[in-house]
Amino acid sequence: MTTNLAGVDANAADPAPAGPTRTSRGSGRPALRPRRRPHTPLNPRPSIPLTLVTGLVLLYTLLPLAWLVINSTKDQKGLLGSSGLWFGEDFNLWDNISRTLAYDDGVFVRWLLNTLMYVAAGAGGATILAVLGGYALAKYQFPGRRAVFAVVIGAVAVPGTALAVPTFLMFSSMGLTNTPWAVIIPSLISPFGLYLMWVFAAEAVPAELLEAARVDGSGELRTFFRIALPLLMPGTVTVLLFSMVATWNNYFLPLIMIKDPDWYPLTLGLSAWNAQAQTAGGEAVFDLIITGSLLTIVPIVVIFLLLQRYWQSGLAAGSVKE
Amino acid sequence: MTLLPTPAQALPPPRVRARFRLRRQALVGWGFAGPFVAVFGLVFLAPIGYALYLSLFRDRLIGGNSFVGTDNYEQALTDPQFWEGLARVGLFLAVQVPIMLGIALLVALAIDSGRLYGKAFFRISIFLPYAVPAVVASLMWGFIYGTRFGLVGNINDAFGVALPDPLSPALVLASIGNIVTWEFVGYNMLIFYSALKVVPRSLYEAAAIDGAGEWRVITAVKLPAIRGALVIATIFSVIGSFQLFNEPSILQKLAPNAITSDFTPNLYTYSLSFSGQQHNYAATVAIVMGVITAIIAYSVQLRGMRKG
């Protein structure tokens, strides 16, 4: 989209690989390869030193994940007996996965289903509320509009844990603790989501379009669903993904709200396995913790990778204005 | 539908129409924002109010629950356990946040410069840890730190050295800082990169024509252009540091001697209320923490926006 003069020039100057193909690929002397396009300040030559330096950060972020993958192929003995950075003698990944899923009457599967439920209800609901609210803040003049925005942004600074104790006591007196509601209801609010949708809607939905729809006699709801919502899609996907991560990864809220392991999400379950391994007489299940950790992150990573085009464009549009 | 009268005939006079339109706008606006506001009131405002209320009372062995005015606040302000925790997260903030944001900014600038081979791969891979739950990140790093079957242990065995134990009391704060950095470098990088991406390219061109080198373009064009993103990332990092809970709470199981139950203010609040049953005092500590966080976040914003 950001076609600029220099970019166009560079493309025009590129005579396309039509002429005598002198590709040095395979000749072992890539230095002789003709330059494809002139390097301008806007189209600079890739730099090997810069790539290597940035590669250090890449190594830092990927190495622990590689460690996790490698070590989920080992059994307990292999974990203790072999180097953490290379595979052990036996490849136990599939065995580990089936043991993780089966351990303790399949409680891991139960936690996975719980997590899916919390994500569907919590993140789904949070996205709906944020889209409706952000759209309203951006496109309608109503008394209290500024106050809503100020209070919500101010609330971001309130530590989640400052709210945790009173929320727990409130929910407890309402009989909601130790039920899924105690996790789902607080997950429904995403101040970041509201902010992003507000900024996004202000940019993405032209007021003239809404006006035209009204003149044509379209009701407000119909206008929202038929005209605004499709335009809001990139922002919506972004908010949905970030709320999904927040709910999928949530630990603190379920930790205080849920006592019954049957309602644990994956994060709480994994930490319970870890705690069990540390107590005297408790069964140490490090291999299952490691494999369970891998199983916990794979779905969310896959979703991020699959939808990256959408959420990245939404995020970029959201940062147009501060 | 096609038989609609023309607007001029059908609608009331302009002024009435305008007032009617405003009222209608307000109704529809609240209709859309209402659900968010209602739930927000339930899960944000009501607990804040309830915490304020709780903080004014105290459960006593004799006399039960009674109004104590500001006693809880006075206790909190002179509570060494609270202040030690606060000093710890303050130190954490002063060291970890600049390192994390610095790395994130450098990577964002590197990717944005267009001088990297495989920049899309860099972008998505470095962002990846953000999708990893804090629990998994802490367990994973906790094991890696381990001197038994972790990487540190491997290195010790392989080279016959004795690296200091990352989970020892002296090093555990730095080890937590490493986990938090690992988790959030990519997220902040993406915020900065997204902001950089919408800077008009013509600015770079103009700067280049004026003879500005790459470094000058960064300091004179790019950084000022993403000032807002820098401030927001700083504020969120400050808030995050003061809220530090998940990582120390998980690592506590692996290093019970290094991480006490009052290691951070949030751990302290948690143990006060869920192990100690001191709900009123826990609410007070949480409020004091909230006020301190808000003050610091606000002053970061003021400073950051000053020359804007």
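Because the structure is predicted, anything quoted here is derived from the model rather than measured.

## A short note on the overall build of chain A
A tally of regular secondary structure across chain A gives 15 helices and zero strands. Relative to its 322 residues, chain A shows a buried fraction of 50%.

## Considering the overall build of chain B
Within chain B, the regular secondary structure consists of 14 helices and two strands. For chain B, whose C-alpha radius of gyration is 26 Å, the value lies well above the compact-globule estimate of 19 Å for 308 residues. When the backbone C-alpha atoms are referred to their principal axes, chain B occupies close to 90 × 75 × 40 Å. Per-residue burial over chain B gives 51% buried out of 308 residues. Across chain B, every contact between residues at least 6 apart in sequence was considered, and the portion connecting residues at least 24 apart equals 67%. Taken as a whole, chain B presents about 14600 Å² of accessible surface, with 66% of it coming from carbon and sulfur.

## Considerations on a nonpolar patch on the surface
There is a patch of nonpolar side chains on the surface, built from A:Trp86, A:Phe87, A:Phe91 and A:Trp94 and spanning about 540 Å² of accessible area. Along the chain, A:Phe91 turns up in the loop between helix H3 (76-81) and helix H4 (93-139).

## A few points about the interface of chain A and chain B
Listed by partner, the interface residues are 107 residues for chain A and 94 residues for chain B. Summed over both sides, the interface of chain A with chain B buries roughly 9000 Å², with 78% coming from carbon and sulfur. The three residues of chain A that bury the most area against chain B are A:Tyr60, A:Trp67 and A:Ile189, which together make up 7% of that side's buried surface. At the junction of chain A and chain B, the tally comes to zero salt bridges. The tally of links between chain A and chain B comes to nine residue pairs in polar contact (both at pLDDT 80 or more).

## A word on the packing of aromatic side chains
Counted by the stated rule, this structure contains 38 aromatic pairs over all chains. Their ring planes at 25° and their centres at 6.4 Å tell us that A:Phe149 and A:Tyr195 sit as a pair that is stacked. With A:Phe149 in helix H5 (residues 145-156) and A:Tyr195 in helix H8 (residues 191-204), the pair connects residues that are 46 residues apart, well separated along the chain. Of the residues examined, A:Tyr195 reaches a relative accessible area of 16% and is grouped as buried. Taken together, a centroid distance of 6.4 Å and an interplanar angle of 55° make the contact between A:Phe242 and B:Phe127 tilted. Of this pair, A:Phe242 sits in helix H11 (residues 233-248) while B:Phe127 sits in helix H5 (residues 119-127), each in a different chain. Each member of the pair A:Phe242 and B:Phe127 is classed as buried.

## Describing the pattern of salt bridges
In the structure shown here, the tally under the stated rule is seven salt bridges over all chains. A salt bridge links A:Arg214 to A:Glu220, with the nearest nitrogen and oxygen atoms 2.8 Å apart. The class for A:Arg214 is buried, based on a relative accessible area of 19%. Classification of A:Glu220 by relative accessible area gives buried; the value is 11%. Linking B:Asp112 and B:Lys222 is a salt bridge whose minimum nitrogen-to-oxygen distance equals 3.1 Å. In this pair, B:Asp112 sits in helix H4 (residues 80-112) while B:Lys222 sits in helix H10 (residues 214-225), placing the two residues 110 residues apart along the sequence. Shared partners join several salt bridges into a network, and the residues in it are A:Asp95, A:Arg99 and A:Asp287.

## Structural notes on helix H11 (residues 227-242) of chain B
For H11(B), with 16 residues, the first-to-last C-alpha span of 23 Å sits near the 22 Å given by 1.5 Å per residue. For H11(B), every residue scored as buried is listed here: B:Gly228, B:Ala229, B:Val231, B:Ala233, B:Ile235, B:Ser237, B:Val238, B:Ile239, B:Ser241 and B:Phe242.

## Overview of the packing of H5(B) against helix H8 (residues 172-197) of chain B
For any two helices packed against each other, the geometry comes down to the angle between their axes and how far apart the axes lie. Residues and elements named next belong to chain B. The geometry of H5 relative to H8 is characterised by a closest axis approach of 7 Å and an angle of 130° between their N-to-C directions. Classified by the angle their axes make, H5 and H8 are oblique. Contacts from Lys119, Arg123, Ile126 and Phe127 of H5 reach H8 at Val185, Gly186, Tyr187, Met189, Leu190 and Tyr193. Across the contact of H5 with H8, the residue classes break down as seven nonpolar, one polar and two charged.

## A few points about helix H6 (residues 134-145) of chain B
Given a rise of 1.5 Å per residue, 12 residues ought to cover 16 Å, and the 16 Å separating the end C-alpha atoms of H6(B) matches this to within 8%. Of all the 12 residues making up H6(B), 12 are buried; the element is thus mostly covered by neighbouring parts of the structure. The set of residues buried in H6(B) consists of B:Ala134, B:Val135, B:Val136, B:Ala137, B:Ser138, B:Leu139, B:Met140, B:Trp141, B:Gly142, B:Phe143, B:Ile144 and B:Tyr145. Packing partners of the buried residues in H6(B) comprise helix H2 (48-71), helix H13 (266-278) and helix H14 (286-306) of chain A together with helix H7 (151-159), H8 and helix H12 (246-254) of chain B.

## Describing empty space enclosed by the protein
What the rule picks out here adds up to one cavity of 30 Å³ or more. Taken as a whole, the largest cavity encloses approximately 50 Å³ of empty space. Those elements that provide at least two residues to the lining of the largest cavity are helix H15 (308-318) of chain A together with H8 of chain B. If you tally residues by element for the lining of the largest cavity, the top one is H8(B), at four residues. Split into classes, the residues belonging to the lining of the largest cavity amount to four nonpolar, two polar and two charged.

## Let's talk about the side chain of A:Thr54
In this structure, A:Thr54 sits in helix H2. In this structure A:Thr54 comes out as buried when scored by relative accessible area, which is 4%.

## Some remarks on the environment of A:Trp311
Relative to the assigned elements, A:Trp311 resides in helix H15. Given a relative accessible area of 0%, A:Trp311 falls into the buried group. Each C-alpha atom, one on A:Trp311 and one on A:Thr238, is 4.2 Å from the other, the two residues being 73 residues apart in sequence. Contact partners of A:Trp311, with chain neighbours within four places excluded, come to A:Val237, A:Thr238, A:Leu241, A:Phe242, A:Phe304, B:Ile124, B:Phe127 and B:Leu190.

## Thoughts on the confidence of the model for chain B
All names here are of chain B. Mean pLDDT for chain B: 86, with 93% of residues reaching 70 or above. At the level of individual helices and strands, chain B shows its lowest average pLDDT in helix H1 (residues 7-10), which scores 48, and its highest in H4, which scores 95. Throughout residues 1-9 the model reports pLDDT below 50, and contacts reaching past four residues in sequence, or to other chains, amount to one contact.

## Topic: the nonpolar core
Judged by nonpolar contacts, the single largest core of 178 residues is most densely connected at A:Leu232, A:Trp273 and B:Met189. Here this core gets 17 residues from one element, more than from any other, and that element is H4(A). Contact partners of B:Met189, with chain neighbours within four places excluded, come to B:Ala104, B:Val107, B:Ala108, B:Ile111, B:Arg123, B:Ile126 and B:Phe127.

## Notes on unusual backbone geometry
All names here are of chain A. Located in the positive-phi region is Asp104, a residue other than glycine, with phi close to 55°. Positioned with a positive phi, Asn178 is a non-glycine residue whose angle comes to about 65°. Its relative accessible area of 31% is what places Asn178 among the partly exposed residues.

Reading the values: rules and limits
- Think of each chain on its own: its residues are numbered from 1, step by step along the sequence as written.
- Working convention: letters from A go to chains and numbers from 1 go to ligands, in the order in which they are written.
- Two thresholds apply to this predicted model, a pLDDT of at least 70 for residue-level local features and 80 or more for giving and counting side-chain atom pairs, whereas whole-chain, interface and lining totals are computed over all residues.
- Hydrogens and water molecules were not included; the side-chain quantities draw on all heavy atoms of the structure.
- Starting at the N terminus, helices and strands are each numbered in turn, a helix being any DSSP run of H or I of at least four residues and a strand any DSSP run of E of at least two.
- Relative accessibility under 20% of the residue-type maximum defines a buried residue, over 50% an exposed one, and the middle range a partly exposed one, all with a 1.4 Å probe and only protein chains included.
- Only C-alpha atoms enter the radius of gyration, while the globule expectation follows 2.2 Å times N to the 0.38, with N the number of residues.
- Every residue pair with non-hydrogen atoms within 4.5 Å of one another is taken to be in contact.
- Residue exposure ignores everything except the shown protein chains as possible cover, and the areas themselves are Shrake-Rupley values with a 1.4 Å probe.
- Any residue with relative accessible area above 30% and no salt bridge may belong to a patch, with like charges joined within 9 Å and the nonpolar Val, Leu, Ile, Met, Phe, Trp and Tyr side chains within 5 Å.
- What counts as a salt bridge is simple: a side-chain nitrogen of Lys or Arg found within 4 Å of a carboxyl oxygen of Asp or Glu.
- As a working definition, buried area equals the accessible area (1.4 Å probe) given up by two parts on being put together, with both sides summed.
- Residues adjacent in sequence count toward polar contacts only when both atoms are side-chain atoms; beyond that, a polar contact is any pair of N or O atoms within 3.5 Å, and within protein one must be able to donate a hydrogen and the other to accept it.
- Any pair of Phe, Tyr and Trp rings, taking the six-membered ring for Trp, is counted once the centres come within 6.5 Å. Such a pair is stacked with planes under 30 degrees apart, edge-to-face with planes over 60 apart, and tilted for the rest.
- What a helix should span is 1.5 Å times the count of its residues minus one.
- To get an axis, fit a line to the C-alpha atoms, keeping to the stretch in contact for a helix; angles then go from 0 to 180 degrees between the N-to-C directions.
- Note that the term roughly parallel is reserved for angles under 35 degrees, roughly antiparallel for angles over 145, roughly perpendicular for angles of 65 to 115, and oblique for everything else.
- For this classification, Asp, Glu, Lys and Arg are treated as charged, while Ala, Val, Leu, Ile, Met, Phe, Trp, Tyr, Cys and Pro are nonpolar and the rest, including Gly, are polar.
- The distinction between a cavity and a pocket rests on a 1 Å grid over the protein atoms alone: a 1.4 Å probe fits inside a cavity but cannot get out, while a pocket stays open yet meets protein on both sides within 12 Å along at least five of seven lines, and a residue with an atom within 4 Å of a point counts as lining.
- Grid points are joined across faces, edges and corners, and a volume is the space filled by probe spheres set on the points.
- Confidence of the predictor in every single residue is expressed as pLDDT, which spans 0 to 100.
- Here, nonpolar core means buried Ala, Val, Leu, Ile, Met, Phe, Trp, Tyr and Cys residues that are tied together by side-chain atoms lying within 4.5 Å of each other.

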